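# Notes for the structure review
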Amino acid sequence: MLLALEASIFETNFIEQHEIIKNMLSAEIKDKYELVVGLEVHAQLLTKSKMYATDSTEYGNLPNTHISVLTLGHPGTLPKVNRKAVEFAVKMGLACNSQITRKNIFARKNYFYPDLPKGYQITQDKDPICVGGEVPVSLSDGTKKSIALTRIHMEEDAGKSMHLAGEVDTLVDFNRAGVPLIEIVSEPDIRSSEEAYAYLVEIKKLVRYLDICDGNMEEGSLRCDANISVRIRGEKEYGKKVEVKNMNSFRNVSRAIEYEYERQIELIEKGVEIISETRTFDATTGTTASMRTKEDLNDYRYFPEPDLSPVVVSEEWLESIKVSMPSLPRELHHKFVNEFGLPEYDAGVLTDSKEIALYFEGLCKLTKNYKAASNLMMGPVKSYLNELTLHISDFPISPERLAQLISLIDEGKVNFSVATQKIYPVMLKEREQSPLTIAQNLNLIQESDEGSLLPIIESVLAENEAKVAEYRSGKKGLMGMFMGQVMKKSHGKADPKVATKLLAEILDN
Amino acid sequence: MQIDLNTVKKMAHLARLEFDEKGAEKIKNDMTQILDWVEQLNEVDTEGVEPLTTMSSEVNVLREDKVGEHLSHERGLANAPQKDSDYFRVPKVLE
């Protein structure tokens, strides 16, 4: 206790001086230490009703309107497990290659806090529904790494307490109390803030593909606590860990990790021992501070929940969940690279969101020009969606019509830039017209017919006799000029490939 | 198993109970006696017996994901020691 007190006095000074210290912490000193991070992610499940009660889970309602005797912890009430919440937890486990626990026993975690009216949270302790597993991440330098999972377990959310400035009381809203959660606990495998960020991006992608959580960290449907420690490189033992809470964006998780990394190194360098404690992140200053509100001694006295019978995941039930699994981002990524021959980068962008990936997969059933399809998706389609902040489900062009546009390019009727700059904008507005009709109406069909191109080429050459002579005496660079003239005379409709071929034939003979 | 006063104080804190020194002494003796009595179970050989977690043999008593009846806002707040028109009010938790 005395040690903690001293450290806390030191700490106030430390925070004030941190900006200076940060600059003083040389790369050389920093490099001596390895960062070790494990993340605990809570994901609110997209069920209609709560984990153990039938209240609605809808977000954004008036305070204390989605409540029941169970949620408020009235005596004599009995919880009952939501089947869908169990299925969602199993889905996440299957997506992470975890072992699924067949016999699930719930546990009581006892503590007193005003946002928990029962005085205990119904969670899982010794037998989490998913054991082990992994989440593969890709880093910016192309490195691939797998972050191992310890467990995923089911539990219920607490209510929301508000501590308003100038208000004597804490205000409590129980709409959120009892909303189903899964807690995804990683092993301390994360070695940089970038890895932490990449891991969270993957978790968010997974829960959204599985449609089990909306993944919105700002609204709190995805929350993250970080266990952070440092150790001298090569050291086998982990250092004392600090738990950081209250980070409401991926960016803030990585800021908090960076800050803790330096703070802990600085303390160790000064000969001060790190204390295992819970700290809160302050987004305005980018610093963390010790939390001293919860009791120092966390003794949750877990015991098997007597009000709930075990949930047994039978072979049959597990099979039916497996069958209902959608394609996962890594499966689609693999398909886009290996079957469609797309670059890793394209596959990464296209599998970023499930809806875009599925649209693209649908498009690729209608065309074989996968690279053109990918270029269209990553360029004009994405920029249209971004500009109007639209979802792909609101995109006015069906995969069928987009495939027709690609066919026009493939058949040499229009080139890629005419397709994207002239036809595509009309397709966005004219939902009934086919790309071919639009191209015809706008007189954009390329002349790829040699018979109709020949007179144009001949007249260009006749008008530029001097240049023709220069070309023939070796100034091959003039080819571009001739092509420019041909394009001009054909009002941009000459198929460049055919025109170049014809020009070369005539000039080189 | 002898319970000491520190354990009594720790348990009292966790359960948010308050009593004086004399009460603590009495509770210490009671708790020791209760534990001694329960400890008789250690005489039974439980090798290979799965721990009992529920009294019934039922499994998978599950509920479909459907929204049911709610407690009205007014009724929910009716018994709160302190409240306003929207919230339950409790003594401030954070300084």
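Model, not experiment: these values are computed from the prediction.

### Structural notes on the overall build of chain A
In terms of helices and strands, chain A carries 17 helices and 18 strands. Its C-alpha atoms put chain A at 95 × 55 × 50 Å along the principal axes. Buried positions account for 50% of the 509 residues belonging to chain A. Taking the contacts inside chain A whose residues are at least 6 apart along the sequence as the reference set, 71% of them involve residues at least 24 apart.

### Details of the overall build of chain B
For chain B, the count of helices and strands is three helices and two strands. In chain B, the order of α-helices and β-strands from amino to carboxyl end is α-α-β-α-β. Its C-alpha atoms give chain B a radius of gyration of 22 Å, more than 25% over the compact-globule value 12 Å for 95 residues. The buried share among the 95 residues of chain B stands at 23%. Of all intrachain contacts in chain B linking residues separated by at least 6 positions in sequence, the fraction that spans at least 24 positions is 31%.

### Here we look at the layout of surface pockets
Taking a probe equal in size to a water molecule and rolling it over the atoms shows the remaining empty space. Residues and elements named next belong to chain A. Taken as a whole, the second largest pocket spans an internal volume of roughly 750 Å³. Around the second largest pocket, the lining comprises 23 residues; the ones closest to its centre are Ser138, Glu202, Lys205, His333 and Gly348. Listing elements by their share of the lining of the second largest pocket, those giving two or more residues are strand E8 (134–138), helix H4 (193–210), helix H7 (329–338) and helix H8 (344–350). Partitioning the lining of the second largest pocket into residue classes produces eleven nonpolar, five polar and seven charged.

### Details of the confidence of the model for chain A
The predicted model of chain A has a mean per-residue pLDDT of 90, with 94% of residues at 70 or higher. Confidence over residues 1–17 of chain A falls short of pLDDT 50; this stretch has 21 contacts with residues more than four positions distant or in other chains.

### A short note on the pairing of strand E16 (residues 287–290) of chain A
All names here are of chain A. One ladder, built from four bridges, connects strand E15 (residues 278–282) with E16; its direction is antiparallel. Its bridge partner lying in E16, phenylalanine 281 is registered against threonine 288. Counting the residues between successive antiparallel strands, the hairpin from E15 to E16 contains four residues, one of them, glycine 286, with a positive phi of roughly 70°.

### Let's talk about the pairing of strand E5 (residues 107–110) of chain A
Residues and elements named next belong to chain A. Here E5 shows a buried face lined by Ala107 and Lys109 and a second buried face lined by Arg108 and Asn110. Here E5 runs beside strand E6 (residues 120–123); their pairing, made up of four bridges, is antiparallel. Paired with lysine 109 across the strands is glutamine 121, a residue of E6.

### A word on the sheet that holds E6 of chain A
Strand order across the open sheet formed by three strands is E6-E5-E17 (chain A), with antiparallel pairing between neighbours. Where the open sheet ends on each side, the last strands, each with one partner, are E6 and strand E17 (303–304) of chain A.

### Focus on the sheet that holds strand E2 (residues 88–91) of chain B
In space, the three strands of this open sheet follow the order E10(A)-E11(A)-E2(B), with antiparallel pairing throughout. In this open sheet, the two strands that pair with only one neighbour each are strand E10 (160–162) of chain A together with E2 of chain B. Geometrically, the sheet is characterised by an average inter-axis angle of 35° between neighbouring strands, direction not taken into account. Both strand E11 (residues 169–173) of chain A and E2 of chain B contribute to a ladder of four bridges, which runs antiparallel. By the bridge assignment, valine 172 of chain A is partnered in E2 of chain B with phenylalanine 88 of chain B.

### A look at unusual backbone geometry
Outside of glycine, negative phi angles account for most residues, and trans bonds account for most peptide bonds. All names here are of chain A. The phi dihedral of asparagine 64 is positive, around 55°, even though this residue is not glycine. Tracing the chain through its elements places asparagine 64 in the loop between strand E1 (33–44) and strand E2 (81–82). The class for asparagine 64 is buried, based on a relative accessible area of 0%. In this model, asparagine 97 sits at a positive phi of 55°, which is unusual for a non-glycine residue.

### A short note on a nonpolar patch on the surface
Together, Ile34, Trp37, Val38, Leu41 and Val44 of chain B give the surface a local cluster of nonpolar side chains, amounting to about 550 Å² of exposed area. Mapped onto the fold, valine 44 of chain B is located in the loop between helix H2 (21–38) and strand E1 (62–63).

### Examining the packing of aromatic side chains
Residues and elements named next belong to chain A. Tallying each qualifying case throughout the model produces twelve aromatic pairs over all chains. Ring geometry for tyrosine 197 and phenylalanine 250: centres 5.9 Å apart, planes at 85°, overall edge-to-face. Of the two residues, tyrosine 197 is situated in helix H4 and phenylalanine 250 in helix H5 (residues 250–269); the sequence distance between them amounts to 53 residues. With relative accessibility at 36%, the residue tyrosine 197 sits in the partly exposed group. Using a relative accessible area of 11% as the deciding quantity, one classes phenylalanine 250 as buried. Here a set of aromatic residues connected by ring pairs shows up, and it is made of Phe336, Phe340, Phe360 and Tyr370.

### What about the interface of chain B and chain A?
On the side of chain A, 54 residues touch chain B, which itself brings 37 residues to the contact. Buried area between chain B and chain A, both sides added, is near 4,100 Å², and the carbon and sulfur share of it is 57%. Interface area lost by chain B to chain A is led by Leu62, Arg63 and Asp65 of chain B, which between them contribute 19%. At the boundary of chain B with chain A, the tally comes to 25 residue pairs in polar contact (both at pLDDT 80 or more). A total of four residues in the side of chain B that touches chain A trace back to one element, the largest contributor, which is E2 of chain B. For the side of chain B that touches chain A, the class distribution of residues is 13 nonpolar, eleven polar and 13 charged.

### Details of the nonpolar core
Counting residues in each nonpolar core, the largest one holds 73 residues, and the members touching the most others are Leu39, Met92 and Tyr199 of chain A. In contact with methionine 92 of chain A, other than residues within four places in its own chain, are Ile152, Ile182, Ile184, Ile203, Leu206, Val207, Leu210 and Ile212 of chain A.

### Re the side chain of glutamate 277 of chain A
For glutamate 277 of chain A, the position within the fold is in the loop between H5 and E15. A polar atom in the side chain of glutamate 277 of chain A sits 2.6 Å from the side chain of serine 290 of chain A.

### Some remarks on the packing of helix H16 (residues 479–489) of chain A against helix H17 (residues 496–507) of chain A
Residues and elements named next belong to chain A. The interhelical angle for the contact between H16 and H17, taken along N-to-C directions, is 125°, at an axis separation of 10 Å. On the basis of their axis angle, the class for H16 and H17 is oblique. The handedness of the crossing between H16 and H17 is right-handed. Contacts between H16 and H17 pair Met479, Phe482, Met483 and Val486 from the former with Pro496, Ala499, Thr500, Leu503, Ala504 and Leu507 from the latter. Tallied by class, residues from the contact of H16 with H17 come to nine nonpolar, one polar and no charged.

What counts as what
- Residues numbered from 1 in each chain as written.
- Chains lettered and ligands numbered in written order.
- Predicted model: local features only at pLDDT ≥ 70, side-chain atom pairs only at ≥ 80, totals over all residues.
- Heavy atoms only, no water.
- Helix = DSSP H or I, 4+ residues; strand = E, 2+ residues; numbered from the N terminus.
- Buried < 20%, exposed > 50% of the residue type's maximum accessible area, 1.4 Å probe, protein only.
- Contact = heavy atoms within 4.5 Å.
- Rg over C-alpha atoms; globule rule 2.2 N^0.38 Å.
- 1 Å grid on protein atoms, 1.4 Å probe; cavity = no way out; pocket = protein on both sides within 12 Å on 5 of 7 lines; lining within 4 Å.
- Points joined across faces, edges and corners; volume = space filled by probe spheres on them.
- Nonpolar A, V, L, I, M, F, W, Y, C, P; charged D, E, K, R; others polar.
- pLDDT = per-residue confidence, 0-100.
- Pairing = 2+ DSSP bridges.
- Axes fitted to C-alpha atoms, helices over the stretch in contact; angles between N-to-C directions.
- Patch = residues over 30% accessible without salt bridge, like charges linked within 9 Å, V, L, I, M, F, W, Y side chains within 5 Å.
- Areas by Shrake-Rupley, 256 points an atom, 1.4 Å probe, with all protein chains shown as cover.
- Salt bridge = Lys/Arg side-chain N within 4 Å of Asp/Glu carboxyl O.
- Phe/Tyr/Trp six-rings, centres within 6.5 Å; stacked < 30°, edge-to-face > 60°.
- Buried area = accessible area lost by both parts, 1.4 Å probe.
- Polar contact = N/O pair within 3.5 Å; in protein donor to acceptor, adjacent residues only side chain to side chain.
- Core = buried A, V, L, I, M, F, W, Y, C linked by side-chain atoms within 4.5 Å.
- Parallel < 35°, antiparallel > 145°, perpendicular 65-115°, else oblique.
- Left-handed = near helix turned anticlockwise from the far one by under 90°.

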